[in-house]
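Structure at a glance
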Amino acid sequence: MTQARRIGALSTGYPRILPPTPTALQTSAEGLLAGEVWVPVGDGELPAYRAMPTTPGPHPILLVVQEVFGVDEYLKDTCRRAAHAGFVAIAPELYARLGEAGECETREALFAIVGAVPDAQVMTDLDACAAFAGSACAGDATRLGVTGFCWGGRIVWLYAAHNPRLRAGVAWYGRLAGDTDPRHPRQPLDVAAELHAPVLGLYGSADQGIPVETVERMKKALEASKSASRFVVYDGAPHAFHADYRASYQPEPAKDGWSRMLAWLREHAAARAAPSP
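Since we're looking at a predicted model, the values are computed, not measured.

1. A word on the overall build of the chain
In terms of regular secondary structure, the chain is built from 6 helices and 8 strands. Secondary structure elements in the chain, listed N-terminal to C-terminal, are β-β-β-α-β-α-α-β-α-β-β-α-β-α. For 277 residues, the compact-globule estimate of 2.2 N^0.38 gives 19 Å, and the C-alpha radius of gyration of the chain, at 17 Å, lies within 12% of that figure. By residue count, 56% of the 277 residues in the chain fall in the buried class.

2. With respect to helix H1 (residues 73-84)
An ideal rise of 1.5 Å per residue puts 16 Å on 12 residues; H1 measures up with 17 Å between its terminal C-alpha atoms. Counting buried positions along H1 yields 11 of 12 residues, so the element is predominantly enclosed. For H1, the full list of buried residues reads Glu73, Tyr74, Leu75, Lys76, Asp77, Thr78, Cys79, Arg80, Arg81, Ala82 and Ala83. Looking at the buried positions of H1, the neighbouring elements they touch are strand S1 (32-41), strand S2 (44-53), strand S3 (59-65), strand S4 (88-92), strand S5 (139-149) and helix H6 (251-267). Where H1 begins, the capping side chain belongs to aspartate 72, and its oxygen is found 3.3 Å from the backbone nitrogen of tyrosine 74. Once H1 ends, the next one or two residues include glycine 86, with phi positive near 110°.

3. What to know about the packing of helix H3 (residues 119-136) against helix H4 (residues 151-162)
The interhelical angle for the contact between H3 and H4, taken along N-to-C directions, is 75°, at an axis separation of 10 Å. As the angle between them shows, H3 and H4 are arranged roughly perpendicular. Of H4, the residues touching H3 (which contributes Asp119, Val122, Met123, Leu126, Asp127 and Ala130) are Trp151, Arg154, Ile155, Leu158, Tyr159 and His162. Among the residues forming the contact of H3 with H4, the class breakdown is 8 nonpolar, 1 polar and 3 charged.

4. A short note on helix H2 (residues 107-114)
Among all positions of H2, only Leu110, Ile113 and Val114 are buried. For H2, the buried positions fall inside an angular range of 100° around the axis, keeping them on one side. Exposed residues pointing more than 90 degrees away from the buried face of H2 are listed as Glu108 and Ala112. Contacts from the buried residues of H2 go to H4.

5. What about the sheet that holds S1?
Here we have 8 strands laid out as an open sheet, ordered S1-S2-S4-S3-S5-S6-S7-S8, and mixed in their pairing. Edge strands, defined here as strands with exactly one partner in the open sheet, are S1 and strand S8 (230-234). On average, adjacent strands in this sheet sit at an angle of 20° to one another, irrespective of strand direction. In this sheet, strand S7 (residues 199-204) lies alongside strand S6 (residues 168-172) in parallel orientation, the contact comprising 4 bridges. Directly across from glycine 169, in S7, lies its bridge partner valine 199. Across the sheet, H6 touches S3, S5, S6, S7 and S8, and the angle it forms with S6 is around 165°.

6. Some points on the nonpolar core
Note on soluble globular proteins: their nonpolar side chains tend to be buried together. Counting residues in hydrophobic clusters, the biggest one holds 96 residues, and the most contacted among them are Leu63, Trp151, Trp157 and Tyr173. The residues contacting tyrosine 173, other than those within four sequence positions of it, are Tyr74, Phe149, Cys150, Leu202, Tyr203, Asp207, Ile210, His239, Ala240, Phe241, His242 and Ala243.

7. Details of the state of the cysteines
Here the structure, examined in full by the defined rule, presents 0 disulfides. Distance from the sulfur of cysteine 79, which forms no disulfide, to the nearest cysteine sulfur (cysteine 129) is 10 Å. Classification of cysteine 79 as buried rests on a relative accessible area of 0%. Left without a disulfide partner, cysteine 137 is nearest to the cysteine sulfur of cysteine 129, which lies 9.3 Å away.

8. Side note on the packing of aromatic side chains
Evaluation of the coordinates by the stated rule reveals 11 aromatic pairs. Here tyrosine 74 and tyrosine 245 contribute two aromatic rings whose centre-to-centre distance is 5.3 Å and whose plane-to-plane angle is 40°, an arrangement assigned as tilted. Residue tyrosine 74 is found in helix H1, and its partner tyrosine 245 is found in the loop between S8 and H6; the two are separated by 171 residues along the sequence. Comparing tyrosine 74 with tyrosine 245, the two get one shared label, buried. Seen from their ring centres, tyrosine 173 and phenylalanine 241 are 5.1 Å apart, and the 65° between their planes marks the pair as edge-to-face. Remark: phenylalanine 241 occurs in the loop between S8 and H6 and tyrosine 173 occurs in the loop between S6 and S7; sequence separation between them is 68 residues.

9. Brief notes about the pattern of salt bridges
Scanning the entire structure with this criterion turns up 16 salt bridges. Here glutamate 103 and arginine 16 are joined by a salt bridge, their closest N and O atoms 2.6 Å apart. Remark: arginine 16 occurs in the segment before S1 and glutamate 103 occurs in the loop between S4 and H2; sequence separation between them is 87 residues. Judged by relative accessible area, which is 29%, glutamate 103 ranks as partly exposed.

What counts, and where the lines are drawn
- Residues numbered from 1 in each chain as written.
- Predicted model: local features only at pLDDT ≥ 70, side-chain atom pairs only at ≥ 80, totals over all residues.
- Heavy atoms only, no water.
- Helix = DSSP H or I, 4+ residues; strand = E, 2+ residues; numbered from the N terminus.
- Rg over C-alpha atoms; globule rule 2.2 N^0.38 Å.
- Buried < 20%, exposed > 50% of the residue type's maximum accessible area, 1.4 Å probe, protein only.
- Expected span 1.5 Å × (residues − 1).
- Contact = heavy atoms within 4.5 Å.
- Polar contact = N/O pair within 3.5 Å; in protein donor to acceptor, adjacent residues only side chain to side chain.
- Axes fitted to C-alpha atoms, helices over the stretch in contact; angles between N-to-C directions.
- Parallel < 35°, antiparallel > 145°, perpendicular 65-115°, else oblique.
- Nonpolar A, V, L, I, M, F, W, Y, C, P; charged D, E, K, R; others polar.
- Arc of directions from axis to C-beta.
- Pairing = 2+ DSSP bridges.
- Core = buried A, V, L, I, M, F, W, Y, C linked by side-chain atoms within 4.5 Å.
- Disulfide = S-S within 2.5 Å.
- Phe/Tyr/Trp six-rings, centres within 6.5 Å; stacked < 30°, edge-to-face > 60°.
- Salt bridge = Lys/Arg side-chain N within 4 Å of Asp/Glu carboxyl O.

Below is the structure:
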């Protein structure tokens, strides 16, 4: 049998245009099965980083959607943290067909890649990863969650409107409104009434790219549709406050947001119950 075409590759290290700060965290893979996997998609096999417990499954599945820079060391580390919390955490390289975003030497080159990725393709790639995690990684497809950061935060909202099998989502400072085009025909505000699963939005009041006014508009749209989605807006926190390798990192909101994420996934049956004290 001919092997399926492998599409691109995962990045190594951190983004070339954004070297890591000393605050970058390093989470051990001890007790985990962690590394690159190849996910069958319609046009070949897509690279992804997968981290999961070595204990017997089935384990809840968490799709982890990249920042604008792709699946770099920060996102891989985030997957390992989620795996230590009991998830099969899988982060597909959603730019793989267009190049390695992490290797771009200018923001212009980076955003040329990012802007060319169609939302519809991202949705089907995430569907493929959910199926792969269930069939090949001891994942429980009935406990499916998604989280994403920055670029990936916007994708979380769109995916919650796309996949009726999703149990919950957590969007970290993802854009909620903006221009549209044929590759990106709708924004989260446009799909607020169509969510299949509740989303927890984790945002910062000092985010220069996502005004609090936009968050308030999204809140009203969600309330009008009687969605169980909620927001937490951290006072004074900038964009990318969870990104521990960046100057924007804010340890307290990052830690609190992570705890809230795990609790939200547990509440909506997308994770294991917390252990008894």
